[in-house]
Amino acid sequence: MIDFDRRLFNIDIPSDTPTKGSLLVAEPFLREDYFRHSVISIIDHGDGAGTMGVVMNRQTAYPLQSLIQGINRKKPIEVFCGGPMSGNRLYFLHTLGEIIPASTPVASGLFVGGDFHSIIEYINQGYPIEGFLRFFLGYSGWSPGQLEEEVANNVWAVAPLSEPSSLLTGSEDAYWHRYVRQLGESHKGWLYHPQNPHAN
């Protein structure tokens, strides 16, 4: 099947190789519900082991308080849709490091998981969440070699993680546009592609 959108708008830009800690920025015409205008943080990637990541900018309708007990904070805490796999499991990324025991480093200054009781205590003590902590339902996964093939087919642009706290700030299309701008001049055209060129 011919992809007329890509041919029409000539989306064919070399990209880096995905690694643990890097980001995936969706090309403008990716229409899958979970991944349209998405930015994904790769939290695990290895030869022969496949890839795991979470969509950073897709909000759900569920505040954290509706999913788990023991939170005394009144202001709703946003939960994001990490992807289509294991949608009944909760994941979290943070910049808190050794403050949260058993955290696993993803990249410099960014961690996944850790002792959940410590996370609840952090929240209940009133410490800041935006820019420090983000929760996800589900994750995104690729079998070995699958992601590399998608990158080679220009489905994703690969970007390094430059500022972990910025990664945990913002959402939805504005978030995607921010990271497309950070890709530089080579991807500037992505900002001007209509989401549905056939409607123009």
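Scroll up to find the structure this text is about.
Sequence order sets the numbering: in each chain, residues are counted from 1 along the sequence as written. Owing to the predicted nature of the model, reporting of local features is limited to residues with pLDDT of at least 70; listing and counting of side-chain atom pairs is limited to 80 or more, with chain, interface and lining totals taken over all residues. To obtain the side-chain values, all non-hydrogen atoms of the structure were included, while hydrogens and water were left out.

### Focus on the overall build of the protein chain
Item 1. Looking only at helices and strands, the protein chain has five helices and nine strands in total.
Item 2. Comment: elements are numbered from the N terminus, with helices defined as DSSP H or I runs of at least four residues and strands as E runs of at least two. Taken from N to C terminus, the helices and strands of the protein chain fall in the order α-β-β-β-β-β-β-β-α-β-α-β-α-α.
Item 3. Three labels apply to residues, based on accessible area from a 1.4 Å probe with only protein chains included: buried if under 20% of the type maximum, exposed if over 50%, partly exposed otherwise in between. Looking at the protein chain as a whole, 46% of its 200 residues are labelled buried.
Item 4. For this analysis, residues touch if any pair of their heavy atoms sits within 4.5 Å. Expressed as a percentage of contacts within the protein chain between residues at least 6 apart in sequence, the contacts between residues at least 24 apart total 63%.
Item 5. Carbon and sulfur atoms make up 51% of the accessible area of the protein chain, which totals about 10400 Å². Here the open area of atoms and residues is found with the Shrake-Rupley method and a 1.4 Å probe, where only the protein chains shown may cover a residue.

### Topic: the pairing of strand β8 (residues 133-142)
Item 1. Burial analysis of β8 places nine of its 10 residues in the buried class, the great majority of the element.
Item 2. A strand pair is defined by DSSP finding two or more bridges across the two strands. Two elements, strand β3 (residues 50-55) and β8, share three bridges in a ladder whose sense is antiparallel. Its bridge partner being in β8, Thr 51 is matched across the sheet by Trp 142.
Item 3. Of the pairings in the sheet, the one linking strand β4 (residues 79-81) to β8 comprises three bridges and is parallel in character. Paired with Cys 81 across the bridge in β8 is Leu 137.
Item 4. Examined bridge by bridge, strand β5 (residues 85-94) and β8 share six bridges and lie antiparallel to one another. Looking at β8, one finds that Leu 90 is bridged to Leu 137.

### Let's talk about the pattern of salt bridges
Item 1. Whenever Lys or Arg places a side-chain nitrogen within 4 Å of a carboxyl oxygen from Asp or Glu, that contact is recorded as a salt bridge. Applying the stated criterion across every chain, the model contains one salt bridge.
Item 2. The salt bridge involving Arg 58 is made with Glu 172; its shortest N-O contact spans 3.3 Å. Here Glu 172 lies in helix α5 (residues 172-182) and Arg 58 lies in the loop between β3 and β4, a separation of 114 residues in the sequence.
Item 3. Taking relative accessible area as the criterion, Arg 58 reaches 13% and is therefore assigned buried.
Item 4. Owing to a relative accessible area of 27%, Glu 172 belongs among the partly exposed residues under this scheme.

### Comments concerning the pairing of strand β9 (residues 156-159)
Item 1. Of the two faces of β9, the one lined by Trp 156 and Val 158 and the one lined by Ala 157 and Ala 159 are each fully buried.
Item 2. Where strand β1 (residues 23-26) meets β9, four bridges bridge the pair, whose relative direction is antiparallel. Bridging from a neighbouring strand, Ala 26 pairs with Trp 156 of β9.

### Remarks on the packing of aromatic side chains
Item 1. Aromatic contacts are taken between Phe, Tyr and Trp rings whose centres are within 6.5 Å, Trp giving its six-membered ring; a plane angle under 30 degrees counts as stacked, one over 60 as edge-to-face, and the others as tilted. On inspection of all chains with the given rule, the structure shows nine aromatic pairs.
Item 2. With 5.7 Å between their ring centres and 50 degrees between their planes, Phe 92 and Phe 116 make a pair best called tilted. Placement of Phe 92 in strand β5 and of Phe 116 in helix α2 (residues 116-124) is noted, with a sequence separation of 24 residues between them.
Item 3. With a relative accessible area of 6%, Phe 92 lands in the buried category.
Item 4. Arranged with centres 5.9 Å apart and planes meeting at 45 degrees, the rings of Phe 92 and Phe 135 form a pair that is tilted. You can see Phe 92 sitting in strand β5 and its partner Phe 135 sitting in strand β8, a full 43 residues away along the chain.
Item 5. Note that Arg 134 overlies the ring of Phe 80, its terminal NZ or CZ placed 3.9 Å from the centroid. Geometrically, a charge over a ring is one whose NZ (Lys) or CZ (Arg) sits within 6 Å of the ring centre while staying within 35 degrees of the ring normal.

### A few points about the nonpolar core
Item 1. Ranked by internal contacts, the top residues of the largest apolar core, which has 38 residues, are Leu 24, Val 25, Met 56, Leu 93, Trp 156 and Leu 167.
Item 2. Those residues in contact with Leu 167, other than ones at most four positions away along the chain, are Leu 23, Ser 41, Met 56, Leu 110, Arg 134, Leu 161, Tyr 175 and Tyr 179.
Item 3. Nine residue types can take part in a nonpolar core, namely buried Ala, Val, Leu, Ile, Met, Phe, Trp, Tyr and Cys, and a core is a set of them joined through side-chain atoms within 4.5 Å. With 16 residues, the next largest nonpolar core counts Leu 64, Ile 77, Tyr 122 and Phe 135 among its residues.

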